[in-house]
Amino acid sequence: FGKFDYNLKESDHYLVEAKTLFEYKQYLLALNALQQSDRHFKLIIPNLESAKRHNKNTSPRQEILKQASQKHVDVLIELESKLPSEFTWTPEKSKPTIIDFKQALDKSIKIRSEVL
């Protein structure tokens, strides 16, 4: 359960960080934070499955996970409505890169929707 709590808190933390960075148009840092949030969120289910295998009651944690997942999806949908579908990032002395926000946000929503 310790790993469950840790990964959920980290996923929450990085999602808040991503949302803030998107609002300040720090798109590359925001995408990195979103990917970190996704990584931690993906680790939550194996943590619960491991606890189940050890005959632990996971029902309360499953409910917490469903609520957190729904809140994450709500935040991601809100971000999706505020951001352009893609952005062209042009670093100094380098070629421009197109960042596909829609694809990244859809992937994050899908990861969290699998829990619901």
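Quick note: structure is the one above.
Since this is a predicted model, take the numbers as computed values, not measurements.

The subject of this paragraph is the pattern of salt bridges. Tallied over the full model, the rule gives seven salt bridges. A salt bridge links Lys102 to Glu80, with the shortest nitrogen-to-oxygen separation between them at 3.7 Å. Placement of Lys102 in helix α4 (residues 101-113) and of Glu80 in helix α3 (residues 59-82) is noted, with a sequence separation of 22 residues between them. Each of Glu80, Lys102 and Asp106 takes part in one network of salt bridges that share partners.

In this structure, Lys25 takes a positive phi of about 60° despite not being glycine. Mapped onto the elements, Lys25 comes out in the loop between α1 (2-23) and α2 (27-53). Using a relative accessible area of 58% as the deciding quantity, one classes Lys25 as exposed. Non-glycine residue Lys93 carries a positive phi angle of around 60°. Its location among the elements puts Lys93 in the loop between β1 (86-89) and β2 (97-100). Its relative accessible area of 86% is what places Lys93 among the exposed residues.

Put simply, α2 and α4 touch, their axes get as near as 10 Å, and they point 20° apart. The pairing of α2 with α4 is recorded here as roughly parallel in orientation. Crossing geometry of α2 relative to α4 is assigned as left-handed. Facing Tyr27, Leu31, Leu34, Ser37, Asp38, Phe41 and Lys42 of α2, the residues of α4 in contact are Phe101, Ala104, Leu105, Lys107, Ser108, Ile111 and Arg112. Residue composition of the contact of α2 with α4, grouped by class: eight nonpolar, two polar and four charged.

One pass over the full model with this rule turns up five aromatic pairs. Measuring from ring centre to ring centre gives 6.3 Å for Phe87 and Phe101, while their planes differ by 25°; the resulting arrangement is stacked. Placement of the pair is Phe87 in strand β1 and Phe101 in helix α4, with a sequence separation of 14 residues. Relative accessible area serves as the criterion here: at 1%, Phe101 is assigned to the buried category. Three or more aromatic residues link up through ring pairs in this structure, and these residues are Phe22, Tyr27, Phe87 and Phe101. Sitting over the face of the ring of Phe1, Arg61 holds its NZ or CZ atom 4.3 Å from the ring centroid. When the ring centre of Phe41 is taken as reference, the NZ or CZ atom of Arg112 above it lies at 4.9 Å.

Among soluble globular proteins, nonpolar side chains are generally buried collectively. Phe22, Leu34, Leu76, Leu83, Phe101 and Leu105 are the most contacted members of the largest nonpolar core, which has 18 residues in total. Going through the elements one at a time, α1, α2, α3 and α4 are the ones with two or more residues in this core. Among the elements that make up this core, the one with the highest residue count is α2 (five residues). Other than its neighbours up to four places away in sequence, Phe22 contacts Tyr27, Ala30, Leu31, Leu79, Leu83 and Phe101. If you look at the next biggest cluster of nonpolar residues, it comprises nine residues, including Leu8, Phe41, Ile111 and Val115.

Conventions adopted
Numbers given for residues are sequential positions, taken from 1 along each chain in its written order. With the structure being a predicted model, the display of local features is reserved for residues of pLDDT at least 70 and the display and counting of side-chain atom pairs for 80 or more, all residues being used for whole-chain, interface and lining totals. Remark: hydrogens and water are excluded; side-chain values derive from all non-hydrogen atoms of the structure. Salt bridges are defined by distance alone: a side-chain nitrogen of Lys or Arg within 4 Å of a carboxyl oxygen of Asp or Glu. The helix and strand labels rest on DSSP assignments: H or I over at least four residues marks a helix, E over at least two residues marks a strand, and numbering proceeds from the N terminus. Three exposure classes are used, based on accessible area relative to the maximum for each residue type with a 1.4 Å probe and protein chains only: buried under 20%, partly exposed in between, and exposed over 50%. For every element, the axis is a line fit to its C-alpha atoms; helices are fit only across the contacting stretch, and the angle between N-to-C directions ranges from 0 to 180 degrees. When an angle is under 35 degrees it counts as roughly parallel; over 145 it counts as roughly antiparallel; between 65 and 115 it counts as roughly perpendicular; any other value is oblique. Helix crossings get a hand from a simple test, with the near helix turned counterclockwise from the far one by less than a right angle marking a left-handed crossing and a clockwise turn marking a right-handed one. Here a residue-residue contact requires only that any non-hydrogen atoms of the pair lie within 4.5 Å. All residues other than Ala, Val, Leu, Ile, Met, Phe, Trp, Tyr, Cys, Pro, Asp, Glu, Lys and Arg, Gly among them, are scored as polar; the first ten of these are nonpolar and the last four charged. Two rings belonging to Phe, Tyr or Trp (six-membered ring only in the last case) form a pair when the distance between their centres is within 6.5 Å. Interplanar angles under 30 degrees mark stacking, angles over 60 mark edge-to-face geometry, and anything in between is tilted. As a reminder, the over-ring test applies to NZ of lysine and CZ of arginine, requiring each to be within 6 Å of the ring centre and within 35 degrees of the ring normal. Here the nonpolar core consists of buried residues drawn from Ala, Val, Leu, Ile, Met, Phe, Trp, Tyr and Cys, with membership extended through side-chain atoms lying within 4.5 Å.

Geometry only, nothing functional implied.
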